[in-house]
Amino acid sequence: MRGETAAGLAKRRAVMGGILRSTRQRLGWTQKAVADRARVTVPFLSDLELGKRSVSPKRLHALATALSLSWKDYVKLFQLRQRLPPEAERRMLIRPDLW
């Protein structure tokens, strides 16, 4: 995001990673199990959980689906990923297949 500090970005990534990790752990799944379901690599998922990487909307949707996240948590992850204008957010949430 324009004008965002490195600290702000790091904080958002850490929160997003924490949501992914806590959901995975609550389900009792390994990183490999989630990575396989979402079709991402284990190192990629590990970096996300640690707040070291950003994620594309398409991969975020795949992870949310793999973890069976509620819409509330999915929207929270999407907003943490990158803040978009409200109209664009609505379009992307309605039609994730267009990502």
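To be clear, the structure that these remarks concern was listed above.
What comes next concerns the included structure. Bear in mind that the values here come from a model prediction, so they are computed numbers and not experimental data.

**Regarding the overall build of the protein chain**
Piece 1. For the protein chain, the count of helices and strands is six helices and zero strands.
Piece 2. Per-residue burial for the protein chain yields a buried fraction of 34% across its 99 residues.
Piece 3. Expressed as a percentage of contacts within the protein chain between residues at least 6 apart in sequence, the contacts between residues at least 24 apart total 53%.
Piece 4. Split by element, the accessible area of the protein chain, about 6,200 Å² in all, is 55% carbon and sulfur.

**Observations concerning helix H3 (residues 42-49)**
Piece 1. Those residues of H3 that fall on the buried side of the exposure criterion are Phe44, Leu45, Leu48 and Glu49. One face of H3 carries all of its buried residues, which in axial projection span an arc of 135°.
Piece 2. Buried residues along H3 sit against helix H1 (6-27), helix H2 (31-38) and helix H4 (57-66).
Piece 3. Of the residues flanking the start of H3, the one acting as N-cap is threonine 41, its side-chain oxygen 3.1 Å from the backbone nitrogen of phenylalanine 44.
Piece 4. Note on H3: the residue one or two positions beyond its end, glycine 51, has a positive phi of about 75°.

**As for the side chain of arginine 24**
Piece 1. Structurally, arginine 24 can be placed in helix H1.
Piece 2. You can call arginine 24 buried: its relative accessible area is 10%.
Piece 3. Residues contacting arginine 24, with those up to four places away along its chain left out, are Trp29, Thr30, Gln31, Val34, Glu49 and Leu67.

**Comments concerning the environment of proline 57**
Piece 1. Relative to the elements of secondary structure, proline 57 occurs in helix H4.
Piece 2. On the basis of relative accessibility, which here comes to 15%, the residue proline 57 falls in the buried class.
Piece 3. With 21 residues separating them along the chain, proline 57 and phenylalanine 78 place their C-alpha atoms 7.4 Å apart.

**Topic: the packing of H2 against H3**
Piece 1. One can describe the packing of H2 onto H3 by two numbers: an axis separation of 9 Å at closest approach and a directional angle of 110°. Relative to H3, the element H2 lies roughly perpendicular. Contacts between H2 and H3 involve Gln31, Lys32, Val34 and Ala35 from the first element and Val42, Leu45, Ser46 and Glu49 from the second.
Piece 2. Class assignment of the residues belonging to the contact of H2 with H3 gives a composition of four nonpolar, two polar and two charged.

Thresholds, definitions, all that
- Residues numbered from 1 in each chain as written.
- Predicted model: local features only at pLDDT ≥ 70, side-chain atom pairs only at ≥ 80, totals over all residues.
- Heavy atoms only, no water.
- Helix = DSSP H or I, 4+ residues; strand = E, 2+ residues; numbered from the N terminus.
- Buried < 20%, exposed > 50% of the residue type's maximum accessible area, 1.4 Å probe, protein only.
- Contact = heavy atoms within 4.5 Å.
- Areas by Shrake-Rupley, 256 points an atom, 1.4 Å probe, with all protein chains shown as cover.
- Arc of directions from axis to C-beta.
- Polar contact = N/O pair within 3.5 Å; in protein donor to acceptor, adjacent residues only side chain to side chain.
- Axes fitted to C-alpha atoms, helices over the stretch in contact; angles between N-to-C directions.
- Parallel < 35°, antiparallel > 145°, perpendicular 65-115°, else oblique.
- Nonpolar A, V, L, I, M, F, W, Y, C, P; charged D, E, K, R; others polar.

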